[in-house]
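So the chains spell out like this:
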Amino acid sequence: MRLKWTAAVLAAMALTSCGVTGKKPSHDAGAATALQDSLQAVAVSYPGEIGIALITDRGDTVLVNNEDKYPLMSVFKLHQAISLCHLFDQRGTSLDSVVTLRRNELNPDTWSPMLKDHTGDELTMPVRELLVYTLTQSDNNASNWMFSNIEPVTATDS
């Protein structure tokens with residue numbers, strides 16, 4: 001279920017990024033309505049409650065299922081992944097870059113499938129794998145490590 005939700009959100013993001021043109025905001029109501037209809041179709045095609053809110057590169061606000069209240073939970077992990085991908089793209093660095101995490105620096109008392117899958121004192125893996133743990137399994141240690149060692153929370157806000 002979590003993977004389907006993530007797929008829906010990523011599909012919505014892909015739809016919005018396809019229209020990036022670098023033009024000044026035009027406030028084209030027709031384009032915003034078409035985008036909203038497309039996102040609505042994505043949202044209803046998956047089980048669960050999905051809400052989407054975004055501001056397009058043209059300055060339009062698009063809302064889908066905005067009347068519901070959604071808990072934040074681990075939604076910030078998606079923002080973190082977007083920010084990290086942007087950072088790596090700017091630097092020309094591959095997500096296949098390998099990093100080493102030390103088990104004694106991670107929290108054994110939080111949700112972390114990564115710690116169960118990797119048993120050694122040092123966990124060596126590409127950043128891509130950390131992102132997979134973060135996005136598909138909501139791994140807290142993977143997310144926290146990337147915030148501490150690659151890009152801080154404050155950078156994710158911009």
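Residues numbered from 1 in each chain as written. Predicted model: local features only at pLDDT ≥ 70, side-chain atom pairs only at ≥ 80, totals over all residues. Heavy atoms only, no water.

A. Region of interest: the overall build of the chain. Of the regular secondary structure elements, the chain holds 7 helices and 4 strands. When the elements of the chain are put in sequence order from the N terminus, they spell out α-α-β-β-α-β-α-β-α-α-α. Looking at the chain residue by residue over its 158 residues, the buried ones come to 32%. A separation of at least 24 residues holds for 61% of the contacts in the chain among residues at least 6 apart in sequence. Carbon and sulfur atoms form 55% of the exposed surface of the chain, whose accessible area is close to 9600 Å². (Helix = DSSP H or I, 4+ residues; strand = E, 2+ residues; numbered from the N terminus. Buried < 20%, exposed > 50% of the residue type's maximum accessible area, 1.4 Å probe, protein only. Contact = heavy atoms within 4.5 Å. Areas by Shrake-Rupley, 256 points an atom, 1.4 Å probe, with all protein chains shown as cover.)

B. Representation of the packing of helix α3 (residues 76-91) against helix α6 (residues 140-149). At a closest axis distance of 11 Å, the pairing of α3 and α6 adopts a crossing angle of 45°. Of the possible angle classes, the one that applies to α3 and α6 is oblique. Between α3 and α6 lies a crossing whose hand is left-handed. For the pair formed by α3 and α6, the contact residues are F76, K77, Q80 and L84 on the first element and N140, S143, M146 and F147 on the second. (Axes fitted to C-alpha atoms, helices over the stretch in contact; angles between N-to-C directions. Parallel < 35°, antiparallel > 145°, perpendicular 65-115°, else oblique. Left-handed = near helix turned anticlockwise from the far one by under 90°.)

C. Region of interest: the pattern of salt bridges. Across all of its chains, the model carries 2 salt bridges by this definition. Where R128 meets D96, a salt bridge forms, and the shortest distance between an N and an O atom there is 2.8 Å. Highlighted residues: R128 in helix α5 (residues 127-137) and D96 in the loop between α3 and β3 (98-102), separated in sequence by 32 residues. Since its relative accessible area comes to 40%, R128 is described here as partly exposed. For D96, a relative accessible area of 44% corresponds to the partly exposed category. In this structure, the salt-bridge partner of E122 is R102, at a minimum N-O distance of 3.9 Å. Taken together, the residues E122 in strand β4 (residues 122-126) and R102 in strand β3 connect sequence positions 20 residues apart. (Salt bridge = Lys/Arg side-chain N within 4 Å of Asp/Glu carboxyl O.)

D. Just helix α2 (residues 29-44), in detail. The terminal C-alpha atoms of α2 lie 22 Å apart, and with 16 residues this matches the ideal 22 Å at 1.5 Å per residue to within 8%. For α2, the set of buried residues is A32, L35, L39, V42 and A43. Summarising the axial view, the buried residues of α2 lie within an arc of 95°, below the 170-degree limit, and thus occupy one face. Opposite its buried face, α2 presents the exposed residues A29, D37 and V44, each directed more than 90 degrees away. (Expected span 1.5 Å × (residues − 1). Arc of directions from axis to C-beta.)

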